[in-house]
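Inside the fold
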Amino acid sequence: MTERLKIENLYKVFAKDPARALQILASGGDKNQVFEKLGQVVGLNGVSLSVPSGAMYMVMGLSGSGKSTLARCINRLNEPSAGRILLDGQDIVPLDEAALRHVRRTRISMVFQHFALLPNKRVIENVEFGLKLRGVSAPERRRRAEEVLSVVGLARWAYHRPHELSGGMRQRVGLARALATDADILIMDEAFSALDPLIRTEMQDELLRLQSTLNKTVLFITHDFQEALKLGTRIAIMSEGRLVREGTPQSIVLEPGSEYVAAFTREVDRARLFDARSVMSEPATLWRGKDGIVVGEAAGGPGFLLDGQERVMGSVSDAQIVHARQTGEAPALEPEHVCVAGSTKLVDVARHYRPGLPIGVVDEGGKLVGVLGVAQMLARIANAPAPQDGSAP
Ligand SMILES: Nc1ncnc2c1ncn2[C@@H]1O[C@H](COP(=O)(O)OP(=O)(O)OP(=O)(O)O)[C@@H](O)[C@H]1O
Ligand SMILES: [Mg+2]
C-alpha cells in the first residue's frame, strides 16, 4: 500500500517563539517540564506516523493528549512548530497561503464534532458549499451534492433546512459535505462523539459501508477505544502530546506495552476482536502415509487428512490416529470437519465448534494454514497466558 499521509517529528508548542520549548523537548524534556519552565503549552511532542492509502487510521487518547492539535496541524489550522507533513510525498508545512488553500479544498476534508451548518441555507446548499469555494459550476455542484446526499441516505431531505433535521442527520450532512469535495483524505475529529449511542452505531456502520466503496484515506479521531477498535485498520494512541503506541487493533490489545494503553483495553470483548489467524498454531504432522498426511495440534487430539496440495479431505479421530501410528495403516476418514477462514472472529469460530472435531484454518484455496486449539482460544478470550502443552489446567 502506498503512503498517503506521513508525519515526521511533528511538534506544536502554543507560543509565539517555540525555540526554547523545542530545545527542552529535544533534550528529553516533556510537556510538564516545558510548562513549569516556560509556562508554554505543548500540543504535540515529536509525533511521527504514516497513514497508508485507504486506511481507517484511528487516533485515540485521553482529553488533552493532542488529538485535535494533530488534526488541525495536518490542515494547518494550527501552524506546526517543527516537523514535516507529507501528503503523497509533498511536505505541506512550507506551503504559502494560496497553495495551502488549494490543498484544503481539494485534498483534505474535515468533519468536526459540532458541525456548523449554515442555518438559512437548505441542506443541499450546505453540501455544495465546499464545491462553490472550489469554483465548481452550479449545475455540476447540484449534481454532485445530490449524489452524496443519497450516499448518506438524505436524498429526501435535500431541500429542507438544517433545523428540521435531527443531530444525527445533521452530522450526516457534515459527512456529505466532506465527501462532496472528492478529497482523498478525510479527517474526522470526534465526528460521532456528540451523537446518542444508537445513532452513533448507525453512523459507524455507515462509515464502514461508505469506506468499502469509496476507499478514502480516513484519519479518525476519537477518545473511545471501542470506536477505534470497531472502525480502525490501525490505531495510534496519544498521551501528553506524544504517540505512545501504534499498531493494528489486535496487536495493541495483545501487547499494550504500557499501563496507560492497557487501561483502555480492559473492557474489550476479545472474542469479537481476535480472529482465528491470531490464535492458530502451525499444524504438526501426526501421521504420514502414501495416501496423505494427518496433521493437527502438536499436543495431539483429532486431526485432518490432507491431500498432496495440503487441502483438507476430512478429519481423523484421536483414536484413529493412535491406531494408525501403531499399525502404520491408513486411518479412517470422517467427512465431517470444521474449517474457518483466518479472518473469522473467535466468537464465530465458537459457533462452528463441534465436540470431537478439530478446527482448521484454511486459505481461499482450501489449503490448511493453521489449527486452532480450544484451550488457546479460551485463554485468548480470557486474556490469560496460552497453555503451552495444549491442555487446560
Ligand atoms: N489554541 C490553543 N492554545 C493553547 N493551548 C492549546 C490550544 N489548543 C490546544 N491547546 C492545548 O494543547 C493540548 C492538546 O489539546 P487538544 O485539543 O489537541 O487535545 P485533544 O486530545 O483533542 O483533547 P479532547 O479529547 O478533549 O478533544 C492541551 O493541553 C490543550 O490545552
Ligand atoms: Mg479534541
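Preceding this section is the structure that the text describes.
Because the structure is a prediction, the values reported are computed rather than measured. (Residues numbered from 1 in each chain as written. Chains lettered and ligands numbered in written order. Predicted model: local features only at pLDDT ≥ 70, side-chain atom pairs only at ≥ 80, totals over all residues. Heavy atoms only, no water.)

**Digging into the site of ligand 1**
As a reminder of what qualifies: Any residue with a non-hydrogen atom lying within 4 Å of a molecule or strand is treated as near it. Here a polar contact means two N or O atoms within 3.5 Å. Within protein one must be a hydrogen donor candidate and the other an acceptor candidate, and residues neighboring in sequence count only if both atoms are side-chain atoms. Accessible areas in this description were obtained via Shrake-Rupley with a 1.4 Å probe; residue shielding takes into account the shown protein chains only. Going along the chain from the N terminus, every DSSP run of H or I of four or more residues is numbered as a helix, and every run of E of two or more is numbered as a strand. Each residue receives one of three labels: charged for Asp, Glu, Lys and Arg, nonpolar for Ala, Val, Leu, Ile, Met, Phe, Trp, Tyr, Cys and Pro, and polar for the others, Gly being one of them.
For ligand 1, the set of nearby residues contains 13 residues, the closest of which are Lys 31, Ser 63, Gly 64, Lys 67 and Thr 69. Lys 67 is positioned with one of its side-chain polar atoms (N or O) 2.8 Å from an oxygen atom of ligand 1. For ligand 1, whose free accessible area comes to 640 Å², the fraction covered by protein is 60%. Of all the secondary-structure elements, those providing two or more residues to the shell around ligand 1 are β2 (41-52) and α3 (67-74). Sorting elements by how many residues they give to the shell around ligand 1 places α3 first, with 3 residues. When grouped by side-chain class, the residues that make up the shell around ligand 1 number 3 nonpolar, 7 polar and 3 charged.

**Considerations on the pattern of salt bridges**
Under the convention used in this document: One side-chain nitrogen of Lys or Arg within 4 Å of one carboxyl oxygen of Asp or Glu is enough to make a salt bridge. The cut-offs for exposure are 20% and 50% of the maximum accessible area for each residue type, with area from a 1.4 Å probe on protein chains only; residues under the lower value are buried, those over the upper are exposed, and the others partly exposed.
As enumerated under the stated definition, the model contains 24 salt bridges in all. Between Arg 354 and Glu 336 there is a salt bridge, with its nearest N and O atoms 2.6 Å apart. Residue Arg 354 is found in the loop between α15 (346-352) and β16 (359-362), and its partner Glu 336 is found in the loop between α14 (318-327) and β15 (338-341); the two are separated by 18 residues along the sequence. The class of Arg 354 is partly exposed, set by a relative accessible area of 38%. A salt bridge links Asp 348 to Arg 351, with the nearest nitrogen and oxygen atoms 2.4 Å apart. Of this pair, Asp 348 and Arg 351 are both found in helix α15, 3 residues apart, which corresponds to roughly one turn of the helix. With relative accessibility at 28%, the residue Asp 348 sits in the partly exposed group. Look at Arg 351 and you get exposed, because its relative accessible area is 59%.

**Description of the sheet that holds strand β4 (residues 82-87)**
Remark on secondary structure: sheet strands pair via backbone hydrogen bonds, oriented parallel or antiparallel. Put simply, the rule reads: If DSSP finds at least two bridges between two strands, the strands pair. Residue contacts are counted whenever heavy atoms from the two residues lie within 4.5 Å of one another. Axis angles are defined between N-to-C directions and span 0 to 180 degrees, where every axis is a line fitted to C-alpha atoms and, for a helix, only to the segment in contact.
With antiparallel pairing, the 4 strands of this open sheet are ordered in space as β2-β1-β4-β5. The strands lining the two open edges of the sheet, one partner per strand, are β2 and β5 (90-91). Contacting β1 (3-14), β2 and β4, α3 runs over the sheet at an angle of about 115 degrees to β1.

**Some words on the layout of surface pockets**
Going by this rule: Any residue with an atom within 4 Å of a point lines the site, the site being either a cavity, points on a 1 Å grid over the protein atoms alone where a 1.4 Å probe fits but cannot get out, or a pocket, an open set with protein on both sides within 12 Å along at least 5 of 7 lines. Grid points are joined across faces, edges and corners, and a volume is the space filled by probe spheres set on the points.
One number sums up the size of the largest pocket: a volume of about 490 Å³. Lining the largest pocket are 17 residues; nearest its centre among them are Arg 104, Ile 108, Ser 109, Met 110 and Leu 133. Elements supplying a minimum of two residues to the lining of the largest pocket: α4 (97-106), β6 (108-111), α5 (123-133) and α7 (167-180).

**As for empty space enclosed by the protein**
Think of a ball as big as a water molecule: rolled over the atoms, this probe shows where empty space is left. A complete count under the given rule lists 1 cavity of 30 Å³ or more for this structure. When its volume is computed, the largest cavity comes out at roughly 40 Å³. Lining the largest cavity are Leu 179, Leu 186, Leu 207, Leu 210, Gln 211, Leu 214, Lys 216 and Val 218. The element best represented in the lining of the largest cavity is helix α8 (residues 197-214), accounting for 4 residues. Looking at the lining of the largest cavity, its residues break down into 6 nonpolar, 1 polar and 1 charged.

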